[in-house]
Amino acid sequence: METSRPRLRFVKTDNPPVWVRPLIPVLALVVTFILTSGLIIWASASPFETYYHFLISPLTTRVSALEILVKATPLMLTGAAVTFAFAAGYYNIGAEGQLFAGAIAAAGLGVAMKEIPAVITIPSIVIAGFAAGMAWAAIPALLKVKLQVDEVVTTLLLNSVMGFIVSALLNGPWRDPNSGWPQSPEIGASAIFFKLIPRSRLNLGFVIGLLVILVLWFVLTRTSFGLKMRAVGLGKPAARFAGIHVGRTTLIAALVSGGIAGIAGVAEVAGIQYHLIGDLSAGYGYTGIIIATLGSLNAVGVFIASLFFGLVDAGAQTVSRVLGVPVYLGEITQATMLLVALGFFLLQRYRLRRM
Amino acid sequence: MYIVDMLGITKTFGELVANDNVDFQLRKGEIHALLGENGAGKTTLMRILYGLYRPDTGVIKVGEQPVEIHSPKDAIANGIGMVTQHFALVPPLSVAENVVLGNTDGFVVNRAAIEEKVGAAARRFGIEIDPKALVRHLAVGQRQRVEILKALYRNARVLILDEPTAVLVPQEVDALFETLNRLKADGLSVIFISHKLHEVTQITDRVTVLRDGKLIGTVDTSGISQSQLAAMMVGRETFGVTRKGEQHEQQPVTLRIQNLCAKNDQGMLALTNICIDVKAGEILGIAGVGGNGQKELAETLCGVRDCASGSIQLEGKELIGKTPAGFTQAGVGRIPEDRHEGMVGDLTVTENLALEHLNEYTRSGVLDHKATRRQAEELIHQFQIKARPNDPVRTLSGGNMQKVLLARVLSRNPKAVIVPQPTRGLDVGATDYVRQQLLEQRDRGAAVLLISEDLDEILALSDRIAVIYEGEIVGILPAAEATPERLGLLMSGAIKEH
């Protein structure tokens, strides 16, 4: 027989106490702070000062506070896109490529519809961007539903394919004839998203992002399609048994997800850049995965997570300007934050018990 | 002299007594069957011998010496090897590599040398296998041979085979028996876990029968008939909720299944020409030992498994080709076999209850939360479910989960009800409740098809009993004629009446 000395063991529990959930972001922040402090000190800055500029100072001026919303706009959209797919158990890693598909549509139509009034042009490019993202997402979605090809691989690889398509366009037919830069010609004034607040970069894209978040919330929580999606995502066999068309539901979720990512591309072209350029997206499609995960696949969570990431993005620029530390510190913080938060999500399902 | 002595073995899992003071003695050079129904405690006893479980009480002796077996490693050191139903082989590796895996001498593996050694061992034990072949290219029977060779290579003198024929085709069974007889002639002892009577009488020297965790007896195979063994294996009295009153004669057939054939997940034919009529107001029980096609039958009748051929008619209307939702709409009450897979654990009780009939709660795409909530409250009350509407289903006990499933289906008054293993894993109270509900469905006039591995349940509830064996219905008899002996013979494939 074994000796009976007491040992601490991790035991899985089904129901983490309710007070754990709100503690996670706070704890994640504290642990992230501790983990990144070493790096900050190494970059010869004070951790507290750095975190002040990261998280507090962007909120102190009007300009930088608006910039948080600008930075949050594409993240709200890609976060919503990824959430829509993940909720249905379809792991769309291809929001980045779908974003560019939407951007191509916006850049093309934005030039072609120069002479047409904005009331028509703006809805047209949004719809076209949605359709383009959907079309690009249709390839892996159909492969998944018809042939059971793993979507993680196909959506991810198609991002690279899209990268080459964009590059081919910008170095070929769409190269700017005036400057010779690898960027598409500027879109017409009628296609440009109007500013919400003068002398800022905040534009119509933010409103569209909010609307999409609202629609996401409504579909997931209020419609029977949302329930079907969640049933498929959480238990395919049970959903199938209950008579839900698993394939059809997955397909629709995947296509809508691609469409929303496409709108993110439209918002960047029509709201910020006015051209299609190679680095239109700072990995928004991938950050969307982080946002969706941290937001635990619900609309409110996605909204809060994208604002927080917008804050860290804006803060990273302030920090590097004020303290002269590399702007990459912001990315390191984001990445650390994600890992720590995921760790906490995992750990909340366990409790320590004396055996 | 006994090579293995297990004396007074008791093993409990929570409240379940899996082995109750069981004695088991194995002679040198014999093939010894361990016979019993599902859940009789055969596998538990052998897992104890192989060090996978520790007994609560009891003594194990190997070669008359008391031993402590804490792990399979200890078992192997004591010359005991076990081949389970699920092989522990690495498909991309060769036979020789699989055999020596975990039993190599140094750091470097000399491929030629181990192939030579494994080849020599295979010849010595008369096991036909190419040591260079990759395991993923081998048929199931050959893989089993690799597992046996693996045990023998580690100098096993006692070989435990857990239902070794369950995965084999008849020719492979013959080859296995040849191998076993040769090993016996070499002085090895084999423990053969089975519930197939003809195999037991064909290959073994002695039989130990377990029932409900208790030892019923150990007998010489030569001195006993298959009927006697069948009676030892299943004979018992029924208890709890039982059917009362005879069914009315001349009821119309509600569910007609004709020449139904279907394949299992491996693409092998799992159901062959199933023909069953279930009348209105009767419970037809399908008895059989697990793994004889019950799962495939239930899934096909629930519309979630494609059938290869045949027909399923509900009141004359063909169901084949319909979607699962189509089955429900036609009036089939479908209850999933695995209640954990049949419900979405992370969704709430309310959502799971609404899932099968979402259209009724939807107005232009929007889900009527009030209506689903109201329905959930009603059903929770009506079916005495101990849960709140917003509890995630995964937090419910097994009995309450089953009640949620019953509520979802039975509240619709289906014309036919398909219930596979409805009380598996439930406690006595929940079991009685579920059985009572099924009887109420019968009295209401529904055609109830009860598929169960629990013979008590079949005997207590069924008006007629069909026995399934290797994917075929081998007999259909009225409850009054169903003696345990006759059922036992049918269930173990000894006779065929259909």
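In this text the structure is predicted, and so the values were computed from the model without any measurement.

*Asks:* What's the story with the overall build of chain B in this structure? I'm lost.
*Replies:* Looking only at helices and strands, chain B features 17 helices and 22 strands. What you see for chain B is a C-alpha radius of gyration of 25 Å, in line with the 23 Å of a compact globule of 498 residues. Here the C-alpha coordinates of chain B stretch approximately 70 × 50 × 45 Å along the principal axes. Across the 498 residues that make up chain B, the buried fraction comes to 55%. In chain B, the share of contacts with a sequence separation of at least 24, taken over all contacts with a separation of at least 6, comes to 67%. In the form shown here, chain B has an accessible surface area of approximately 21200 Å², with 48% of it arising from carbon and sulfur atoms.

*Asks:* Got a minute to help me understand the pattern of salt bridges in this structure?
*Replies:* Where charged atoms of side chains with opposite charge meet at close range, the side chains can pair. Residue and element names in this part refer to chain B. Scanning the entire structure with this criterion turns up 32 salt bridges over all chains. E299 is the salt-bridge partner of R305, the closest N and O atoms lying 2.7 Å from each other. Assessed through its relative accessible area of 12%, R305 is described here as buried. Here R408 and E356 are joined by a salt bridge, their closest N and O atoms 3.2 Å apart.

*Asks:* What am I meant to see in the domain arrangement of chain B here?
*Replies:* Accessible area lost upon the coming together of the parts serves often as the stated size of an interface. All names here are of chain B. Each assigned domain of chain B is listed here: domain 1 (2-234) and domain 2 (253-491). Summarising the inter-unit geometry, the C-alpha centres of domain 1 and domain 2 are found 36 Å apart. With 11 residues of domain 1 in contact, the opposing surface of domain 2 contributes 12 residues. Taking both sides of the interface into account, the surface hidden between domain 1 and domain 2 amounts to around 990 Å²; carbon and sulfur atoms contribute 64%. Connecting domain 1 to domain 2 are zero salt bridges.

*Asks:* It is not clear to me how the sheet that holds strand β14 (residues 307-314) of chain B should be interpreted in this structure. Could you clarify?
*Replies:* Backbone hydrogen bonds are what pair the strands of a sheet, in a parallel or an antiparallel way. Residue and element names in this part refer to chain B. Strand order in the open sheet formed by four strands is β12-β11-β14-β15, with antiparallel pairing between adjacent strands. Edge positions in the sheet fall to β12 (269-279) and β15 (317-318), since each has one partner strand and no second. Note that strand β11 (residues 253-263) and β14 share six bridges and pair antiparallel. Each bridged residue has a counterpart across the sheet, and for A262 the counterpart in β14 is C307. Packing against the sheet, helix α9 (residues 294-301) makes contact with β11, β12 and β14, and its axis sits at approximately 120° to β11.

*Asks:* Before we go on, may I ask you to explain the interface of chain B and chain A in this structure?
*Replies:* If you look at the interface, chain B gives 27 residues, while chain A gives 22 residues. Between chain B and chain A, a total of about 2200 Å² is buried, with carbon and sulfur atoms accounting for 64% of that surface. When residues of chain B are sorted by the area they lose upon contact with chain A, B:V304, B:V344 and B:L355 head the list and together hold 20% of the total. For the pair chain B and chain A, the number of links is one salt bridge. The interface formed by chain B and chain A includes nine residue pairs in polar contact (both at pLDDT 80 or more).

*Asks:* How should the sheet that holds strand β21 (residues 464-469) of chain B be read in this particular structure?
*Replies:* Residue and element names in this part refer to chain B. The six strands are arranged β16-β19-β20-β13-β21-β22 in an open sheet whose pairing can be described as mixed. The open sheet terminates on both sides in strands that have one partner only, identified here as β16 (332-334) and β22 (472-478). With strand direction ignored, the average angle separating the axes of adjacent strands in the sheet is 20°. Lying on the sheet, α9 is in contact with β13 (282-287), β16, β19 (416-420), β20 (447-451) and β21; it crosses β20 at an angle near 150°.

*Asks:* I'm lost on the packing of helix α14 (residues 398-410) of chain B against helix α15 (residues 428-444) of chain B in this one. Help?
*Replies:* Between two packed helices, what matters for the description is the angle formed by their axes and the separation of those axes. Residues and elements named next belong to chain B. Two numbers describe how α14 lies on α15: the axes approach to 10 Å, and their chain directions differ by 15°. Considering the angle they form, α14 stands roughly parallel to α15. Like other packed secondary-structure pairs, α14 and α15 cross with a definite hand, here left-handed. For the pair α14 and α15, contact is made by G399, Q402, K403, L406 and L410 and by A430, Y433, V434, Q437 and Q441, respectively. Residue composition of the contact of α14 with α15, by class: five nonpolar, four polar and one charged.

*Asks:* Help me understand the packing of aromatic side chains in this model?
*Replies:* The description of an aromatic ring pair uses the distance of the two centres, along with the angle that the planes make with each other. Residue and element names in this part refer to chain A. For the coordinates displayed, the defined rule picks out seven aromatic pairs over all chains. Taking 5.2 Å as the distance between ring centres and 50° as the angle between the ring planes, the aromatic pair formed by F33 and F48 counts as tilted. One end of the pair, F33, is in helix α1 (residues 20-42); the other, F48, is in helix α2 (residues 47-56), with 15 residues separating them in the sequence. Feature note: the residues F33, F48, Y51 and F54 constitute an aromatic cluster, connected by ring pairs.

*Asks:* Mind showing me how you'd approach the nonpolar core here?
*Replies:* When a protein is soluble and globular, its nonpolar side chains tend to lie buried together. A:F84, A:F193, A:I260, A:L276, A:L280 and A:L294 are the most contacted members of the largest nonpolar core, which totals 80 residues. The element best represented in this core is helix α3 (residues 62-87) of chain A, accounting for 12 residues. Those residues within four positions of A:F84 in sequence are excluded, and the remaining contacts are A:L216, A:V219, A:M229, A:A253, A:V256, A:S257 and A:I260. Among the nonpolar cores identified, the runner-up in size contains 59 residues, and B:L353, B:L406, B:V448 and B:L487 belong to it.

*Asks:* Would you mind showing me how to read helix α1 (residues 42-49) of chain B here?
*Replies:* Residue and element names in this part refer to chain B. Where burial is concerned, most of α1 is hidden: six out of the eight residues are buried. Taken together, the buried positions of α1 are occupied by K42, T44, L45, M46, I48 and L49. Just past α1, the residue G51 takes up positive phi, approximately 80°.

*Asks:* Got a minute to help me understand the side chain of A:N92 in this structure?
*Replies:* Inspection of the secondary structure puts A:N92 in the loop between α3 and α4 (95-112). Here A:Q98 takes part through its side chain, which lies 3.0 Å from a polar atom of the side chain of A:N92.

*Asks:* For this particular structure, what's the right way to read unusual backbone geometry?
*Replies:* Among all residues except glycine, the phi angle is most often negative; among peptide bonds, the trans geometry is most common. All names here are of chain B. A positive phi angle is found at S364, which is not glycine, with a value near 40°. The class of S364 is exposed, set by a relative accessible area of 78%. Even without a glycine there, the phi angle at E470 is positive, about 45°. Relative to the assigned elements, E470 resides in the loop between β21 and β22. Its relative accessible area of 46% is what places E470 among the partly exposed residues.

*Asks:* Mind showing me how you'd approach the side chain of B:R305 here?
*Replies:* All names here are of chain B. Along the chain, R305 turns up in the loop between α9 and β14. Reaching out from R305, the side chain makes a polar contact with the side chain of E299 at a distance of 2.7 Å. Beyond its immediate stretch of four places on either side in the chain, R305 contacts K263, N264, D265, K295, E296, E299 and T300.

*Asks:* Quick question: what am I supposed to make of the environment of B:E64 here?
*Replies:* By the secondary structure assignment, B:E64 is in the loop between β4 (57-62) and β5 (65-66). Among residues more than four places away in sequence, those in contact with B:E64 are B:Y2 and B:D5.

*Asks:* Can you help me understand the state of the cysteines in this one?
*Replies:* In a disulfide, the sulfur atoms of two cysteines are covalently bonded to one another. Residues and elements named next belong to chain B. This model, assessed by the stated rule, comprises zero disulfides over all chains. Looking at the unpaired C302, the closest cysteine sulfur is the one in C307, lying at 14 Å. On the accessibility criterion, C302 (1% relative accessible area) is buried. Summary of cysteine pairing: C307 is not part of a disulfide, and the nearest cysteine sulfur, belonging to C261, is at 8.3 Å.

*Asks:* It is not clear to me how the pairing of β4(B) should be interpreted in this structure. Could you clarify?
*Replies:* Note on strand geometry: in a regular strand, side chains alternate between the two faces of the sheet. All names here are of chain B. With five bridges connecting them, strand β1 (residues 2-13) and β4 associate as antiparallel partners. Looking at the pairing, D5 lines up with K61 of β4. Sheet analysis places β4 next to β5, joined by two bridges and oriented antiparallel. Residue pairing in the sheet places V62 in a bridge with Q65 of β5. A loop of two residues connects β4 with β5, the two strands running antiparallel in sequence, and G63 in this loop sits at a positive phi of about 55°.

Criteria and thresholds
Residues numbered from 1 in each chain as written. Chains lettered and ligands numbered in written order. Predicted model: local features only at pLDDT ≥ 70, side-chain atom pairs only at ≥ 80, totals over all residues. Heavy atoms only, no water. Helix = DSSP H or I, 4+ residues; strand = E, 2+ residues; numbered from the N terminus. Rg over C-alpha atoms; globule rule 2.2 N^0.38 Å. Buried < 20%, exposed > 50% of the residue type's maximum accessible area, 1.4 Å probe, protein only. Contact = heavy atoms within 4.5 Å. Areas by Shrake-Rupley, 256 points an atom, 1.4 Å probe, with all protein chains shown as cover. Salt bridge = Lys/Arg side-chain N within 4 Å of Asp/Glu carboxyl O. Domains from an automatic or database assignment. Buried area = accessible area lost by both parts, 1.4 Å probe. Pairing = 2+ DSSP bridges. Axes fitted to C-alpha atoms, helices over the stretch in contact; angles between N-to-C directions. Polar contact = N/O pair within 3.5 Å; in protein donor to acceptor, adjacent residues only side chain to side chain. Parallel < 35°, antiparallel > 145°, perpendicular 65-115°, else oblique. Left-handed = near helix turned anticlockwise from the far one by under 90°. Nonpolar A, V, L, I, M, F, W, Y, C, P; charged D, E, K, R; others polar. Phe/Tyr/Trp six-rings, centres within 6.5 Å; stacked < 30°, edge-to-face > 60°. Core = buried A, V, L, I, M, F, W, Y, C linked by side-chain atoms within 4.5 Å. Disulfide = S-S within 2.5 Å.

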